[in-house]
Amino acid sequence: MLRIEFQIRSAGIAAKLFAIDDQVVSMEIDNALPVTGGSVFLSLTVRFDDDTSEESISSQLPDVRIVDMSEAEVNPHTYYISILTDLSDASVLSLLTENRAIPHRIVGQDSRLDVAASVRDWNHLKEVAGTIEDEHGSLELVGTTQTESVGFPLGGNKIKQSMSGKLSDGQLEVLETAYRMGYFKVPQEVTAEEIADELDVSRSTLSVRLRRVEHNLCALLFGPQE
Amino acid sequence: MTTIILIKSVDQAPTVREVLGSVVDPDEMIYFLRLPTVRCLGPLIQETNPMIEYGVEYRIDCLPDGYDVSELVEFAVEVGADRICIGISDRTMSGKARIDDLTESILLHDRISGDFVVGDHAIVLEELEYASEC
């Protein structure tokens, strides 16, 4: 099984959000539930560059029904928005699932969508990429890794489930080893050198991997960096 | 079995070692196929020493200036390549092997299919099958 990252031009609900007057910095589809009649219920995390309101968003998105909107407690200008909208507003998600690919992450920023998903193999990758290119015009593959398990799909509401789809097995191994050996305890029960020895990697490799894990944990918690 | 190792830079010794050490068997034929931007493979060959260290036969070929991915596929068909190995030169923030334009063009090319394996330093496309040219 392959885990892939790719980029496409912003489309669907992301394109609609980027087009409104309130400046959207980034958006992520946290969850999606199909609704009978060709609609979909989407849970979004949307970061604006300033405060906004449900009335303002609602008036600029007449085809979208805002079911709920609340502001994040810690992160400024970040809102959790639940909407009911046409299924075509989540077309990349639909195309992935129709093609039996597992979507893990869909993030919109800088007029593009960054997508992480799992596919069975090379042929499956080509099928999925071809279908998305037909619908969205272009697709740029960004990265890939091999994985034994499918991981957890979009909408996993536990951090471990979410991270399992977004970090490589190697990075999870680094994080788990560091945690289990007491690296994060105060005072530390193990040095970085001892973890590097345990994992049979250099000190610098360990440092890079740990920082990548920490970066991705922060991205999950606080949204993508500007 | 015949393997193409695509050489995108002279710094690909880890890729070559991984492929020769854990992907191919002794006595297999290796084609080091360098991009036109890679001028000289001498130091890389000396460093990895394919014949002595790994017991493989090898040849060095070069893609022409202004090449298209189809020419790479044609080369693979011509030499009957069972594998194409592409070096991993960078990784994404989540640790995935970064896919450059050339790798993407190979992966999504209509004529070529097979198995896809991601190693530490190389993406290995193996058990290759080639569709007829349309």
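Residues numbered from 1 in each chain as written. Chains lettered and ligands numbered in written order. Predicted model: local features only at pLDDT ≥ 70, side-chain atom pairs only at ≥ 80, totals over all residues. Heavy atoms only, no water.

## Some details on the overall build of chain A
- Tallying secondary structure elements over chain A gives eight helices and eight strands in all.
- Compactness check: chain A gives a C-alpha radius of gyration of 19 Å against a globular reference of 17 Å for 226 residues, within 12% of the reference.
- Dimensions of chain A, computed from the C-alpha atoms along their principal axes, are close to 60 × 45 × 30 Å.
- A buried classification covers 48% of the 226 residues belonging to chain A. (Helix = DSSP H or I, 4+ residues; strand = E, 2+ residues; numbered from the N terminus. Rg over C-alpha atoms; globule rule 2.2 N^0.38 Å. Buried < 20%, exposed > 50% of the residue type's maximum accessible area, 1.4 Å probe, protein only.)

## A few points about the domain arrangement of chain A
- Assigned domains within chain A: domain 1 (2-146) and domain 2 (167-222).
- For domain 1 of chain A and domain 2 of chain A, the distance between their C-alpha centroids amounts to 30 Å. (Domains from an automatic or database assignment.)

## As for the pairing of strand S5 (residues 78-86) of chain A
Residues and elements named next belong to chain A.
- Direction of pairing for strand S3 (residues 39-48) relative to S5: antiparallel, over a ladder of nine bridges. Considered in S5, the bridge of Val40 is made with Thr85.
- As paired elements, strand S4 (residues 65-71) and S5 share six bridges and run antiparallel to each other. Paired with Asp68 across the bridge in S5 is Ser82. (Pairing = 2+ DSSP bridges.)

## Some remarks on the packing of aromatic side chains
Residues and elements named next belong to chain B.
- Taken as a whole and assessed by the stated rule, the structure comprises five aromatic pairs over all chains.
- Arranged with centres 5.7 Å apart and planes meeting at 80°, the rings of Phe32 and Tyr58 form a pair that is edge-to-face. Of the two residues, Phe32 is situated in strand S2 (residues 29-34) and Tyr58 in strand S3 (residues 57-62); the sequence distance between them amounts to 26 residues.
- For Phe32, a relative accessible area of 0% gives the class buried.
- Taking the relative accessible area as the measure of exposure, Tyr58 reaches 27% and is therefore partly exposed. (Phe/Tyr/Trp six-rings, centres within 6.5 Å; stacked < 30°, edge-to-face > 60°.)

## Examining the pattern of salt bridges
- Going through the model one piece at a time under the given rule, you end up with 15 salt bridges over all chains.
- Across the salt bridge formed by Lys16 of chain A and Asp89 of chain A, the nearest N and O atoms sit 3.0 Å from each other. Here Asp89 of chain A lies in the loop between S5 and helix H3 (91-98) and Lys16 of chain A lies in helix H1 (residues 12-19), a separation of 73 residues in the sequence.
- Accessibility expressed as a relative area gives 30% for Lys16 of chain A, which makes it partly exposed.
- Judged by its relative accessible area of 7%, Asp89 of chain A falls in the buried class.
- Residue Glu47 of chain B is joined to Arg17 of chain B by a salt bridge in which the shortest nitrogen-to-oxygen separation is 3.3 Å. One end of the pair, Glu47 of chain B, is in helix H2 (residues 42-48); the other, Arg17 of chain B, is in helix H1 (residues 13-22), and 30 residues separate them in sequence. (Salt bridge = Lys/Arg side-chain N within 4 Å of Asp/Glu carboxyl O.)

## Quick look at empty space enclosed by the protein
Residue and element names in this part refer to chain A.
- What the rule picks out here adds up to two cavities of 30 Å³ or more.
- Approximately 70 Å³ is the volume attributed to the largest cavity.
- Lining the largest cavity are 14 residues, with Ala11, Asp89, Ala90, Val92 and Leu113 sitting closest to its centre.
- Broken down by secondary-structure element, the contributors of at least two residues to the lining of the largest cavity are H1 and H3.
- Among the residues making up the lining of the largest cavity, the classes are represented as nine nonpolar, four polar and one charged.
- Counted as a void, the second largest cavity has a volume near 40 Å³.
- Around the second largest cavity, the lining residues are Ile13, Leu17, Leu44, Ile57, Leu61, Val64, Ile66, Ile81 and Ile83.
- Secondary-structure elements contributing two or more residues to the lining of the second largest cavity are H1 and S5. (1 Å grid on protein atoms, 1.4 Å probe; cavity = no way out; pocket = protein on both sides within 12 Å on 5 of 7 lines; lining within 4 Å. Points joined across faces, edges and corners; volume = space filled by probe spheres on them. Nonpolar A, V, L, I, M, F, W, Y, C, P; charged D, E, K, R; others polar.)

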